[in-house]
Amino acid sequence: MANILIPISNGFEEIEAISIIDVCRRANIEVTIAAVEDLTTIGAHNIKIQADCKIEDISSDNFDMIVLPGGLPNAFTLAENSRVQLLLKEFKDKNKKIGAICAAPYALYKAGVLNKNYTCYPSFEKKIKEDGYFSNKDIVIDDKVITSRGPATAMIFALEIVKILCDEKIYIEVKNGLLVN
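Nothing here was measured: the structure is a model prediction, and the numbers come from that model. (Residues numbered from 1 in each chain as written. Predicted model: local features only at pLDDT ≥ 70, side-chain atom pairs only at ≥ 80, totals over all residues. Heavy atoms only, no water.)

A.B. asks: Any details on helix H6 (residues 168-177)? Residues and values, ideally.
C.D. replies: Each turn of an α-helix holds 3.6 residues, which means side chains three or four residues apart point in the same direction. You can read the cap of H6 off the contacts: a side-chain oxygen lies 3.2 Å from the backbone nitrogen of Lys169, and it is on Asp167. Just downstream of H6 lies Leu179, where phi reads positive at about 65°. (Polar contact = N/O pair within 3.5 Å; in protein donor to acceptor, adjacent residues only side chain to side chain. Helix = DSSP H or I, 4+ residues; strand = E, 2+ residues; numbered from the N terminus.)

Right, here's the structure in full:
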């Protein structure tokens, strides 16, 4: 069974975080939510999530992929947190998969793990880099790094994670079960 790590901090985008958690769990992917701040983390729209653990207790060895939801100030917190930045670099060095949606590709950029081609929430490319930015794609995969645009693309982003980590049969079952065209 695949394992993914989802670091979150206050101001995370709820639709993105919950979509990733829910869709991946439907595919029997083990999901660990790691809090950068308090275990009870409050999203950008005042929805609370109880994390499984603190980010300090995480080892990259136990995971196949790290996925960062967006939202503000979450994306900036993840970009400035030394433990998150170290984990991102470890995932890259170990040739593991990395994902980020919305404003969170900024944290990948700050860690130096964002590949050439990416997408993000419109306007954030100005904080990242305009070269390699795709404004017209909901998902961009560049080697082991997958990025997506924002709340409306969260479900297909999560399904793409399932496609990457699971076999085609599981991907189709989850996709069909969610009634995704």
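A.B. asks: Give me the environment of Asn46: which residues, what numbers.
C.D. replies: Summarising the element assignment, Asn46 is placed in the loop between strand E3 (40-42) and strand E4 (48-50). Overall, the relative accessible area of 63% leaves Asn46 in the exposed class. Separated by 35 residues in the primary sequence, Asn46 and Gly11 have C-alpha atoms spaced 8.2 Å apart. (Buried < 20%, exposed > 50% of the residue type's maximum accessible area, 1.4 Å probe, protein only.)

A.B. asks: So what about the sheet that holds strand E8 (residues 139-142)? Which residues, and what values?
C.D. replies: A sheet is described by the order of its strands in space; here seven strands give the open sequence E5-E2-E1-E6-E7-E9-E8, paired in mixed fashion. Sheet topology places strand E5 (53-54) and E8 at the edges, where each strand pairs with a single neighbour. By the bridge criterion, two bridges tie strand E1 (residues 3-8) to strand E6 (residues 65-68) in an arrangement that is parallel. Its bridge partner being in E6, Ile4 is matched across the sheet by Met65. Of the strands in this sheet, E1, strand E2 (30-35), E6 and strand E7 (97-101) are in contact with helix H1 (residues 14-26), which crosses E2 at around 150°. Of the strands in this sheet, E1, E6, E7, E8 and strand E9 (145-148) touch helix H5 (residues 154-165), which is tilted by about 175° from E7. (Pairing = 2+ DSSP bridges. Contact = heavy atoms within 4.5 Å. Axes fitted to C-alpha atoms, helices over the stretch in contact; angles between N-to-C directions.)

A.B. asks: Lay out H5 in plain terms, naming residues and giving numbers.
C.D. replies: A rise of 1.5 Å per residue sets the reference length of H5, with its 12 residues, at 16 Å; its end C-alpha atoms lie 17 Å apart and thus fit the reference within 8%. Three or more residues of H5 are buried, namely Ala154, Phe157, Ala158, Leu159, Glu160, Ile161, Val162 and Leu165. (Expected span 1.5 Å × (residues − 1).)

A.B. asks: Lay out the packing of H5 against H6 in plain terms, naming residues and giving numbers.
C.D. replies: Orientation of H5 relative to H6, taken along the N-to-C sense of each, is 160°, at an axis distance of 8 Å. Here H5 lies roughly antiparallel to H6, going by the angle between them. Considering the relative orientation of H5 and H6, their crossing is right-handed. Of the residues in H6, those in contact with Leu159, Val162 and Lys163 of H5 are Ile170, Tyr171, Val174 and Lys175. Along the lines of polarity and charge, the residues of the contact of H5 with H6 split into five nonpolar, no polar and two charged. (Parallel < 35°, antiparallel > 145°, perpendicular 65-115°, else oblique. Left-handed = near helix turned anticlockwise from the far one by under 90°. Nonpolar A, V, L, I, M, F, W, Y, C, P; charged D, E, K, R; others polar.)

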